[in-house]
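Summary of structural features
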Amino acid sequence: MKIADRAKQIAPSLTLEITARAKKMKADGMRVVSFAAGEPDFNTPDYIVEAAHEALNNGLTKYTPASGTPALKKAICLKLKNDNALDYEPSNIVVSNGAKHSLFNAFMAILNPGDEVIIPSPYWLSYPELVKMAGGVPVFVETKPENSFKITPAELAKAITPKTKAFVLNNPNNPTGAVYTRSEINALAAEIEKHEIFVVSDEIYEKLTYERRHHSIAAYSDILKERTVVINGMSKTYAMTGWRIGYAAADERIASAMSSMQSHSTSNANSIAQYASQVALSDRLHGDAFLESMKATFDARRALMMLRLQRLGVEFIEPKGAFYVMMSVKKFIGKQYDGQRIRSAFDFASVLLEQALVAVIPCESFGAPDYVRLSYAASEIDIERGLDAISAFVSQLKD
Ligand code: PMP
Ligand code: GLU
C-alpha cells in the first residue's frame, strides 16, 4: 500500500529537528551552545502565567468557538488598530494553534491546485512546505545583497504570471533579519495593487526591530487590506512559543473559510492559552515593559554577535530585526576537519555540532546554500563561548 503523494513531497522541519537534537545533547550532559533556537530564551512574563492560572481556576477549560473567544478576538482587533493602524472586526479574526497553523489555514483557504505563490528568498523554511501541502507551487525570487535582501517591486512584477495567486511577505524576515522601510512597503504595495493577487503578510517578528519600526503592508490602502492575510502570534512577542497561539486577520470570506476548515481539523486553540493571550495583549503596561526589556537584551546580543563575526572575518548579513544572523560559510566549503570533508552548509553545521558542540542551522532549506543561521536568542556568555568554539573550529579547517 502506498502513502499519499502529498506526504512524500514534504520535508520535516529542520529547525525543529536541530533544536531538538541540541536540547537532547544538553540533557545528556554535553556542553552544547545552541544558536539553533527559533524562540526567545525568556520565560513567559508572570502576568501572563498568572492569567493562565486564573483561567484554570475559573473553569475556562471547555471548547471555545473554533475561531477563538470573542474576548480574545476583540483584544486582537484593538492591538491591530493601535499598533498597525488596521481596522478589523472580530469576524475578520481567526485564532489558531500558532502562526504556523494560521499560515497553513491561510494557504488552504486561498490556493487551488497549481496556483503559484511568490516567496522571496532567503525564506523561512516552512513556507514552501505549507504552500505545497495546500496544492500550490512555490516560486522563489532571490533577493540581492545590494537591496539588503529585500524584494523590489520590479523583481516582484517580473515573477508574477497568470498563475500567481499570492505573495508571501515576511517582515521582519527570518532568517535575514531584513526590515522593510515604510517607503519600501509602499512601493511593493503599489505594485501589488496592479495585479489580482493575495498577500500573506507574516508579521510575527513585528516587535523585534532594532533600527526602524515595522509597517504592515495591509495598512497601505483598502484594496491591500482586502487582499492581505495578516499573520501574527504570541510566540515571539511574549515568549510564548509553547502555548501555541497565532492569529490571522483577513477579509471575511477568507477568515470564514479558515475558520470552517479549522472547525473540522483542530477546533479551537487551547482555551487557557487563549485567555492568557487576551490578558497578554490587553495589559499594555506589563506587556510593553516586558517587550522593551527583551528587545534591549536582543539588541545588545545582536551587537555582540556582529562584533564577534567581524573578528572571525566571515561575511554575514547585518540583521535589523528578529533574532537571527546569517553567516556565510562559502569560504569553508571544500575544506576538511580532521579528515571529514565539508561539502555544504549542512556538512559544516553537522561537523560543527559533533566536534565543537555548537548548533547552527544550515540554510539550504532557507534557499541560501552558502549560509548558516545563528540565533542570538542565547545569553552573552553563550555567544562568547560559541563564537570562541567556532573560531577554534574554523582555524583547524584544512584544504
Ligand atoms: N513565521 C515565522 C517567520 C517564524 O519564524 C515562525 C517561528 N516558528 C512562525 C511563523 C511560526 O510561529 P508559531 O507557530 O510559533 O506561532
Ligand atoms: N520559527 C522558528 C525557527 O525558524 C522556530 C522553529 C520552527 O517553527 O520552524 O527556528
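To be clear, the structure that these remarks concern was listed above.
Notes on the structure follow. (Residues numbered from 1 in each chain as written. Chains lettered and ligands numbered in written order. Predicted model: local features only at pLDDT ≥ 70, side-chain atom pairs only at ≥ 80, totals over all residues. Heavy atoms only, no water.)

It is worth spelling out the sheet that holds strand β14 (residues 361-362) at this point. The sheet built from four strands is open, its strands ordered β9-β10-β15-β14 with antiparallel pairing. In this open sheet, the two strands that pair with only one neighbour each are β9 (316-317) and β14. Sheet topology note: the strand β10 (residues 324-328)/strand β15 (residues 371-375) ladder contains five bridges and is antiparallel. In the sheet register, Val325 faces β15, and the bridge partner there is Leu374. The sheet strands contacting helix α12 (residues 284-312) are β9, β10 and β15, and the helix crosses β10 at an angle near 5°. (Pairing = 2+ DSSP bridges. Helix = DSSP H or I, 4+ residues; strand = E, 2+ residues; numbered from the N terminus. Contact = heavy atoms within 4.5 Å. Axes fitted to C-alpha atoms, helices over the stretch in contact; angles between N-to-C directions.)

Turning to the environment of Pro90, a few remarks are in order. With respect to the helices and strands, the residue Pro90 is situated in the loop between α4 (70-84) and β2 (93-96). Remark: the alpha-carbon pair of Pro90 and Asp338, spanning 248 residues in sequence, is separated by 59 Å. Leave out the neighbours within four places in its chain, and Pro90 touches Lys73 and Cys77.

On to the sheet that holds strand β3 (residues 116-121). Reading across the sheet, the seven strands line up as β2-β8-β7-β6-β5-β3-β4 and stay open at both edges, with mixed pairing between neighbours. Because the sheet does not close on itself, it has two edges, and the strands there are β2 and β4 (137-142). The mean angle between the axes of side-by-side strands here comes to 20°, regardless of whether they run parallel or antiparallel. The pairing of β3 with β4 spans six bridges and is parallel. Directly across from Ile119, in β4, lies its bridge partner Phe140. Lying on the sheet, helix α5 (residues 99-110) is in contact with β2, β3, β5 (164-170), β6 (198-202), β7 (228-233) and β8 (246-249); it crosses β7 at an angle near 165°. The strands that helix α6 (residues 126-133) touches are β3, β4, β5 and β6; relative to β4, the one it contacts most, it runs at about 150°.

The environment of ligand 1 is made up of 13 residues, and the closest members are Ala99, Asp202, Tyr205, Ser235 and Lys236. Note that an oxygen atom of ligand 1 is positioned 3.0 Å from one of the backbone N or O atoms of Lys100. Against a free-state accessible area of 400 Å², the protein chains account for coverage of 93% of ligand 1. Along the lines of polarity and charge, the residues of the shell around ligand 1 split into five nonpolar, four polar and four charged. (Near = heavy atom within 4 Å. Polar contact = N/O pair within 3.5 Å; in protein donor to acceptor, adjacent residues only side chain to side chain. Areas by Shrake-Rupley, 256 points an atom, 1.4 Å probe, with all protein chains shown as cover. Nonpolar A, V, L, I, M, F, W, Y, C, P; charged D, E, K, R; others polar.)

Here we take up the packing of aromatic side chains. For the structure shown, the criterion picks out 12 aromatic pairs. The interplanar angle of 90° and the centroid separation of 6.3 Å between the aromatic rings of Phe42 and Phe290 together place this pair among those described as edge-to-face. Of the two residues, Phe42 sits in the loop between β1 (33-34) and α3 (46-57) while Phe290 sits in helix α12, which places them 248 residues apart along the sequence. Judged by its relative accessible area of 21%, Phe42 falls in the partly exposed class. The interplanar angle of 50° and the centroid separation of 4.8 Å between the aromatic rings of Phe323 and Tyr324 together place this pair among those described as tilted. Summarising the burial analysis for this pair, Phe323 and Tyr324 share the class buried. (Phe/Tyr/Trp six-rings, centres within 6.5 Å; stacked < 30°, edge-to-face > 60°. Buried < 20%, exposed > 50% of the residue type's maximum accessible area, 1.4 Å probe, protein only.)

What follows concerns the packing of helix α13 (residues 345-356) against helix α14 (residues 380-395). Across the interface, α13 lies against α14 with an axial gap of 11 Å and an inter-helix angle of 110°. What the angle tells us is that α13 and α14 run roughly perpendicular. When α13 is examined against α14, the residues Phe348, Val351, Leu352, Gln355 and Ala356 are found in contact with a partner set consisting of Ala389, Ile390, Phe393 and Val394. (Parallel < 35°, antiparallel > 145°, perpendicular 65-115°, else oblique.)

α14 packs onto α12 with a crossing angle of 15° between their chain directions and a minimal axis gap of 10 Å. Taken as axis vectors, α12 and α14 run roughly parallel relative to one another. Considering only the axes of α12 and α14, their crossing is right-handed. The residues of α14 that touch α12, namely those facing Ala300, Arg301, Leu304, Met305, Arg308, Leu309 and Leu312, are Glu380, Ile383, Glu384, Leu387, Asp388, Ile390, Ser391 and Val394. Looking at the contact of α12 with α14 residue by residue, the class counts come to nine nonpolar, one polar and five charged. (Left-handed = near helix turned anticlockwise from the far one by under 90°.)

The subject of this paragraph is the pattern of salt bridges. Any two side chains of opposite charge can pair, given that their charged atoms come close. Applying the stated criterion across every chain yields a total of 24 salt bridges. Among the ionic pairs, Lys165 bridges to Asp115, the shortest N-O distance being 3.0 Å. Note that Lys165 is positioned in strand β5 and Asp115 in the loop between α5 and β3, a separation of 50 residues in sequence. Its relative accessible area of 13% is what places Asp115 among the buried residues. The partner of Glu384 in a salt bridge is Arg308, with the nearest N and O atoms 2.7 Å apart. Placement of the pair is Glu384 in helix α14 and Arg308 in helix α12, with a sequence separation of 76 residues. We classify Glu384 as partly exposed; its relative accessible area is 34%. Assessed through its relative accessible area of 8%, Arg308 is described here as buried. Three or more residues joined by partner-sharing salt bridges are found here, namely Lys79, Asp83, Glu206, Lys207, Arg284 and Asp288. (Salt bridge = Lys/Arg side-chain N within 4 Å of Asp/Glu carboxyl O.)

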